[in-house]
Amino acid sequence: MSVINFWLDFALLVVFMLMGWEAASLQFLLPPPTLSAGWTLFGLTYDQWRDIQFGTLCLFAFGVVFHVMLHWNWVCSVVTAQILRTKERPDEGKQTIIGVATLIVLLHVIGAGVILSLFFVHAAPPPP
Ligand code: HEM
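Residues numbered from 1 in each chain as written. Predicted model: local features only at pLDDT ≥ 70, side-chain atom pairs only at ≥ 80, totals over all residues.

Q: Could you clarify how one ought to interpret the site of the ligand in this entry?
A: Close contacts around the ligand come from Asn 5, Asp 9, Leu 12, Leu 13, Phe 16, Val 64, His 67, Val 68, His 71, Trp 74 and Val 75, and that covers them all. Secondary-structure elements contributing two or more residues to the shell around the ligand are helix 1 (2-28), helix 2 (46-70) and helix 3 (72-83). With five residues, helix 1 is the largest single contributor of residues to the shell around the ligand. A breakdown of the residues in the shell around the ligand according to their chemical character gives seven nonpolar, three polar and one charged. (Near = placed C-beta within 6 Å. Helix = DSSP H or I, 4+ residues; strand = E, 2+ residues; numbered from the N terminus. Nonpolar A, V, L, I, M, F, W, Y, C, P; charged D, E, K, R; others polar.)

As structure tokens, then:
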């Protein structure tokens, strides 16, 4: 298990550094997106890099979910013993249900945020 944790943590670190490199390159090397028409970085446009950046973020999120899943027993133990200060620990089955429920709640919070954003999107006015 330690070896799986090690390689997963290593992969997380690499993907996190990749996200940092992508963000810094787009932030400091290319002009702002509205002015970057015609510019390329390694032959790819800003729009293509933005898609790659989103893909990397999804990969990272997937890795973090897996990482926390492997430490879920630790999370449940800390919450029950240190935060709630109860003696009773949830069994494996209950921990899994709490874990899946937590993931569903978190995904819905993100979904609700995206729905909220929908109400505040404004298309650019037509050119004069
Ligand atoms: C760049 C991303 C990350 C890296 C490289 C990383 C790396 C590590 C390492 C090396 C450990 C200890 C070894 C192990 O048991 O696996 C660990 C433990 C842990 N990580 Fe992460 N981690 C990252 C992100 C996260 C995130 C985003 C969360 C929570 C949302 C998280 C939650 C935890 C938990 C709960 C533990 C167990 C703590 C313990 O046993 O004391 N990690 N992480």
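Let's pick the thread back up.
Q: I tried to follow the packing of helix 3 against helix 4 (residues 92-118) on my own but got confused; where do I start?
A: A pair of packed helices is characterised by two quantities: the angle between their axes and the separation of those axes. Helix 4 packs onto helix 3 with a crossing angle of 95° between their chain directions and a minimal axis gap of 11 Å. With respect to helix 4, the element helix 3 is oriented roughly perpendicular. Residue-level contacts link Trp 72, Asn 73 and Cys 76 of helix 3 to Gln 95, Ile 98 and Gly 99 of helix 4. The residue inventory of the contact of helix 3 with helix 4, partitioned by class, reads three nonpolar, three polar and no charged. (Axes fitted to C-alpha atoms, helices over the stretch in contact; angles between N-to-C directions. Parallel < 35°, antiparallel > 145°, perpendicular 65-115°, else oblique. Contact = placed C-beta atoms within 7 Å.)

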